[in-house]
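Coordinates in review
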Amino acid sequence: MEIKSSSMNEYPLMELEQGIPLFYPFISPDAKNSINSSLETRWIGQGPKVDYFEKAFKDKLTNNKELIATGSGTDALHLAYILSDVGPGDEVITPVFTCTATNLPILYQGAKPVFADIDPLTLNIDPNDVEHRITSKTKAIVAVDYGGIPADYEKLSLIAKKYNLKLISDAAQSIGLKYQNKFTSDIADFVIFSFQAIKTITTADGGMLVMKDNKFLEKAKRIRWFGIDRAEKQKGTWENDIYELGYKYQMTDIGASLGLTGLKHLSSLKAQRKKLLNIYSNGIKNKKIKVIDYPAKDGTDVCPWICTLIVNDDRITLMKMLRNNGVESAQVHYRNDRYSVFGSKQNDLPKMDYIEDKYLVIPLHHKVTENDALKICKLINSY
Ligand SMILES: Cc1ncc(COP(=O)(O)O)c(C=O)c1O
């Protein structure tokens, strides 16, 4: 049976044969073999492949930090908030412009997300605004590397240190990032990654929690698995109480099979994504439109996830024109403070207000060729 996406929308989600979709999952050519090899064993849930994936990620993308693979980036974030001891009555200063997954787990913990304004150059959290919002209830600061572009970790880590707060990096969009020649897990207390279907590396759904301090590892593992110490349980004796509230937040070996094969392609995916962003940055010359790019700083290396434009004009007309020419675009995220679950709109975020109706995301992924990117530049320049 052929499966097509469907929508009642005027513009349903685009298939590859219809043009250039905004997102497309990357599946390595050896992924099917890797998955099949797991299907032939007793381990299809959390088994040895998850261990291999954790080891491969640790070796490639951390400076020997402890980590655990999870069922999603959202799971990993929830664990990071638990391990940061975020609870009822606490406040967490967090980006307003992000996926809701950054902020919903703060509510799971009965704490309050305090939204900070954006830096208009990167659309990331503005450290100066963060500092203004610190109160005696603040427990942690969250940074998101929107589109793969790093938050200002230099300033954020100084603020976290000054006020004795945990710094949590939501790196769901920034696998492969180096900041001042460091992995962000050498800077933030906790860093989370996402391997959701459209992320640069996917496990269909999955995440990773990296801990700066390895003292959190055993607790993280327990809470990932109902609060049970799985190694102790194998002994078959009743010396294994559950004394903490745990969840079912593990990755499966099926997902890890995909992740292991995908990870081998990270450097070529990164090179292509950088090339595409560069084409957009240099090729879009329309004066009404600005491309969000990363500040070229020594020691900073990024793997762009999306390309965002700031459109100083009617972005909906631009979206329609692109769509009529076979190019999908969208907003992707909406300011979180508008959602009722977070208490409806906040009034003191002027920079967010300014871009609210102006940003638009265009395709940047492994299926987009250089010619596609040049075509998109041409269309935008003609607009
Ligand atoms: C910034 C950000 N944080 C968190 C998440 C949540 O990750 P996941 O979908 O793997 O739960 C996502 C993406 O989905 C994201 O873009």
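Below, the structure is looked at part by part. Everything numeric in this text was worked out from a predicted model, so none of it was measured.

What counts as what
- Residues numbered from 1 in each chain as written.
- Predicted model: local features only at pLDDT ≥ 70, side-chain atom pairs only at ≥ 80, totals over all residues.
- Heavy atoms only, no water.
- Helix = DSSP H or I, 4+ residues; strand = E, 2+ residues; numbered from the N terminus.
- Rg over C-alpha atoms; globule rule 2.2 N^0.38 Å.
- Buried < 20%, exposed > 50% of the residue type's maximum accessible area, 1.4 Å probe, protein only.
- Contact = heavy atoms within 4.5 Å.
- Areas by Shrake-Rupley, 256 points an atom, 1.4 Å probe, with all protein chains shown as cover.
- Lys, Arg positive; Asp, Glu negative; His and termini not counted.
- Charge placed at Lys NZ, Arg CZ, Asp CG, Glu CD.
- Near = heavy atom within 4 Å.
- Polar contact = N/O pair within 3.5 Å; in protein donor to acceptor, adjacent residues only side chain to side chain.
- Nonpolar A, V, L, I, M, F, W, Y, C, P; charged D, E, K, R; others polar.
- Salt bridge = Lys/Arg side-chain N within 4 Å of Asp/Glu carboxyl O.
- Axes fitted to C-alpha atoms, helices over the stretch in contact; angles between N-to-C directions.
- Parallel < 35°, antiparallel > 145°, perpendicular 65-115°, else oblique.
- Left-handed = near helix turned anticlockwise from the far one by under 90°.
- Phe/Tyr/Trp six-rings, centres within 6.5 Å; stacked < 30°, edge-to-face > 60°.
- Lys NZ or Arg CZ within 6 Å of the ring centre and 35° of its normal.

Quick look at the overall build of the chain
- Helices and strands together make up the secondary structure of the chain, namely 13 helices and ten strands.
- Scaling as 2.2 N^0.38, a compact globule of 383 residues should have a C-alpha radius of gyration of about 21 Å, and the chain matches this with 21 Å.
- Overall, the chain is about 70 × 55 × 45 Å in size when its C-alpha atoms are taken along their principal axes.
- Taking all 383 residues of the chain together, the buried fraction comes to 54%.
- Long-range pairs, those at least 24 residues apart, make up 71% of the contacts in the chain between residues at least 6 apart in sequence.
- Here the chain displays about 17,600 Å² of accessible surface, and carbon together with sulfur accounts for 52% of that area.
- For the chain, the centre of its 50 positive side-chain charges and the centre of its 47 negative side-chain charges are spaced 3 Å apart.

A closer look at the site of the ligand
- What surrounds the ligand is a group of 16 residues, the closest being Gly73, Thr74, Asp170, Ser194 and Lys199.
- One of the side-chain nitrogen or oxygen atoms of Gln173 is found 2.9 Å away from an oxygen atom of the ligand.
- Protein coverage of the free-state accessible area of the ligand, which is 380 Å², stands at 92%.
- Elements that contribute at least two residues to the shell around the ligand include exactly α3 (73-83) and α4 (100-108).
- Looking at the shell around the ligand element by element, the count peaks at three residues for α3.
- In terms of residue class, the shell around the ligand is built from five nonpolar, nine polar and two charged.

Focus on the side chain of Glu91
- Take Glu91: it is sitting in strand β2 (residues 91-95).
- Here Glu91 sits buried without a salt bridge, and the closest side chain of opposite charge, Lys112, lies 4.4 Å off (N-O distance).
- The residues contacting Glu91, other than those within four sequence positions of it, are Lys112, Val114, Thr135, Lys137, Thr138, Lys139 and Ala140.

Overview of the environment of Ile35
- Within the secondary structure, Ile35 is located in helix α1 (residues 31-39).
- With 116 residues separating them in the primary sequence, Ile35 and Ala151 have C-alpha atoms 35 Å apart.
- Here Ile35 is in contact with Ile254, Ser257 and Leu258, once residues within four sequence places are set aside.

Thoughts on unusual backbone geometry
- The phi angle at Asn64 is positive, at roughly 60°, despite the residue not being glycine.
- The phi dihedral of Phe226 is positive, around 65°, even though this residue is not glycine.

Structural notes on the packing of α3 against α4
- Contact pair α3 / α4: the axes reach a minimum separation of 9 Å and the direction vectors enclose 45°. The orientation of α3 relative to α4 falls into the category oblique. The two elements α3 and α4 meet at a crossing, and its hand is right-handed. In this structure, α3 uses Thr74, Leu77, His78 and Tyr81 to contact α4, whose residues at the interface are Ala101, Thr102, Pro105, Ile106 and Tyr108.
- In the contact of α3 with α4, the residues fall into six nonpolar, three polar and no charged.

A word on the packing of aromatic side chains
- Throughout the structure, instances matching the rule amount to twelve aromatic pairs.
- With a centroid separation of 5.3 Å and 25° between ring planes, the pair formed by Phe23 and Trp305 is classed as stacked. Residue Phe23 is found in the segment before α1, and its partner Trp305 is found in the loop between β8 (289-291) and β9 (307-311); the two are separated by 282 residues along the sequence.
- Between Phe97 and Tyr146, the ring centres sit 4.9 Å apart and the planes meet at 45°, which makes this aromatic pair tilted. Taken as a pair, Phe97 in the loop between β2 and α4 and Tyr146 in the loop between β4 (138-144) and α6 (153-162) lie far apart in primary sequence, 49 residues in all. With respect to class, Phe97 is no different from Tyr146; both count as buried.
- Cation over ring: Lys199 sits above Trp305, and NZ or CZ is 4.7 Å from the ring centre.
- A cation sits over an aromatic face here: Lys288 above Tyr383, 5.7 Å from the ring centre.

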